[in-house]
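If you want the building blocks of each chain, they are given just below.
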Amino acid sequence: MTKSWQDGLAQSYGEQFGSVGTIGGTATGTIHAAATGTIINATDIFVASEGAATVRIGSGTPTTLLAEFKMPAAIGGQSLVGLRTPLKTAQGAALVYNTGGGTVAVTVTGYRD
């Protein structure tokens, strides 16, 4: 049986995930749920917007800010891709978002360890 690069990644980094959400207006919610004793590592973040919007990505509740995207109406979206040092939640904390403004889509990929 041939092994792929994903097999080695899973062994190195534990559970991998991808989370997608489309949010209209102002909202707060969970991108990836917490698990006791684990840290969520976000390696790629993509944010798209239909208009002016602010999106904050954070760790837990109350939220510790990890990243913030401020998009004027003329910009369609922003991303942080292939982060050399992943954005990390506190141990046992969820990866959460908070939005203000127009309809946005948020996609986050990463791993838990």
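Remember, predicted model here, so these are calculated numbers, not experimental data. (Residues numbered from 1 in each chain as written. Predicted model: local features only at pLDDT ≥ 70, side-chain atom pairs only at ≥ 80, totals over all residues. Heavy atoms only, no water.)

K.L.:
Help me understand the confidence of the model for the chain in this model?
P.N.:
The predicted structure's coordinates, where accompanied by low pLDDT, should not be read in detail. In the predicted model, the chain carries a mean pLDDT of 79, and the fraction of residues at 70 or more is 81%. The secondary-structure element of the chain with the lowest mean pLDDT is helix α1 (residues 5-13), recorded at 50, while strand β7 (residues 87-88) shows the highest, at 92. Below a pLDDT of 50 lies the segment residues 1-5, which in the model reaches one contact outside its immediate sequence neighbourhood of four places, other chains included. (pLDDT = per-residue confidence, 0-100. Helix = DSSP H or I, 4+ residues; strand = E, 2+ residues; numbered from the N terminus. Contact = heavy atoms within 4.5 Å.)

K.L.:
Looking at this model, I keep getting lost on the sheet that holds strand β2 (residues 27-32). Mind explaining?
P.N.:
Strands pair in a sheet through their backbones, by hydrogen bonds, and they do so in one of two ways: parallel or antiparallel. If you trace the four strands from one edge of the open sheet to the other, you get β2-β8-β4-β5, paired in antiparallel fashion. Of all strands in the sheet, those bounded by a partner on one side alone are β2 and β5 (64-71). For this sheet the average axis-to-axis angle between neighbouring strands, irrespective of direction, equals 20°. One ladder, built from five bridges, connects β2 with strand β8 (residues 95-101); its direction is antiparallel. In the strand pairing of β8, T30 is matched with V96. (Pairing = 2+ DSSP bridges. Axes fitted to C-alpha atoms, helices over the stretch in contact; angles between N-to-C directions.)

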